[in-house]
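Read off the chains here:
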Amino acid sequence: MKITILGCGALGQLWLSRLYQQGHDVQGWLRVPQPFCAVNIIEPDGTSFNRNLPTNDPEHLAQSELLLVTLKAWQVSGAVTALLPKLNPHCAILLLHNGMGTQDELPAHNQPILQGTTTHAARHDGNTIIHVANGVTHIGPASRQAMHLSHLAEMLHQALPDVAWHNHIASASWRKLAVNCVINPLTVLYNCHNGDLQRYPEQIETLCREVASVMEMEGHHTSCEGLMSYVMQVIQLTADNVSSMLQDIRAQRHTEIDYITGYLLRRGRSHGIPLPENTRLFELIKQKENEYERVGVGLP
Ligand code: KPL
């Protein structure tokens, strides 16, 4: 399959390498065009992949059947909007990022849109990408035109397992949003690894209760207890991780808070639900971001 990957960060390069190794015709798409993308991956079992893969060929883009978007949430609408006029009308767009709400920012279009989340962990170590831990990618249709695309889950699963297809992806996205609303800002607040959050069960419960109240109003059956046990499970499974938000704050980069807690607060507001603890954490992260963005570092 002809595929373009928009965003060649750690996760983008991991998908590039795996899809290439499965025999797909892949290219990367970079904001600042370069002749190729030097992909160097070290897998969890110690094996490595080193190869220069093609980038930014407009003909390849026009013929792509899949545009896999691995950008940060706040980069998505600008980058995808710029590519929309160049895509084949049948090209599916798969948005794979933390948080929710990016589709609402796209102009009207008829491309099939898929939404996904992943728990694969990958990070930069200089010019190398360390695939720290295997995980699960959940994908599903976010537009009517994408309902029949479950075969894409199978194709992606062959390249980078596990990939699960959901006809109702919104419930899986909300559960991941709950995880990110809890773990990401709290790891910034306490400047700690994910696993250290096990010390704060009461605060986690308060956050989960707030998220559950919005989820119920959005039509997703859930409970505070159910969400809390899921979040605790992720905290244990990713105990040694430095969350993506803490990594962003430490590197003075723009965070995904507007699409994580910010999205929750927007949905809560529309239902008239007050969310004091999530609001407090949202303001904390915005304040930290403002401290370095005001002086011009890390601006998106
Ligand atoms: O998605 C994550 C992130 O760091 O953004 C979690 C699940 C919290 C793992 O670190």
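Note that the structure is predicted; figures quoted are calculated from it, not measured.

S.K.: Any chance you could break down the overall build of the chain for me, citing the residues and the numbers?
M.R.: Counting secondary structure elements, the chain contains ten helices and eleven strands. Relative to the globule expectation of 19 Å for 300 residues, the C-alpha radius of gyration of the chain, 19 Å, shows essentially globular dimensions. Dimensions of the chain, computed from the C-alpha atoms along their principal axes, are close to 50 × 40 × 40 Å. A total of 300 residues make up the chain; the buried ones form 52% of that total. In the form shown here, the chain has an accessible surface area of approximately 13,600 Å², with 50% of it arising from carbon and sulfur atoms.

S.K.: I'd like a description of the sheet that holds strand 9 (residues 128–133), backed by residues and values.
M.R.: If you trace the four strands from one edge of the open sheet to the other, you get 4-3-9-8, paired in mixed fashion. Among the strands making up the open sheet, the edge pair consists of strand 4 (48–54) and strand 8 (121–125). For this sheet, the mean inter-axis angle between neighbouring strands, taken without regard to orientation, is 30 degrees. Two elements, strand 8 and strand 9, share five bridges in a ladder whose sense is antiparallel. Across the sheet, Ala121 pairs through a bridge with Ala133, a residue of strand 9. Those strands touched by helix 1 (residues 10–21) are strand 3 (36–42), strand 4, strand 8 and strand 9, and its axis lies near 90 degrees from that of strand 3.

Definitions and cut-offs
Residues numbered from 1 in each chain as written. Predicted model: local features only at pLDDT ≥ 70, side-chain atom pairs only at ≥ 80, totals over all residues. Heavy atoms only, no water. Helix = DSSP H or I, 4+ residues; strand = E, 2+ residues; numbered from the N terminus. Rg over C-alpha atoms; globule rule 2.2 N^0.38 Å. Buried < 20%, exposed > 50% of the residue type's maximum accessible area, 1.4 Å probe, protein only. Areas by Shrake-Rupley, 256 points an atom, 1.4 Å probe, with all protein chains shown as cover. Pairing = 2+ DSSP bridges. Axes fitted to C-alpha atoms, helices over the stretch in contact; angles between N-to-C directions. Contact = heavy atoms within 4.5 Å.

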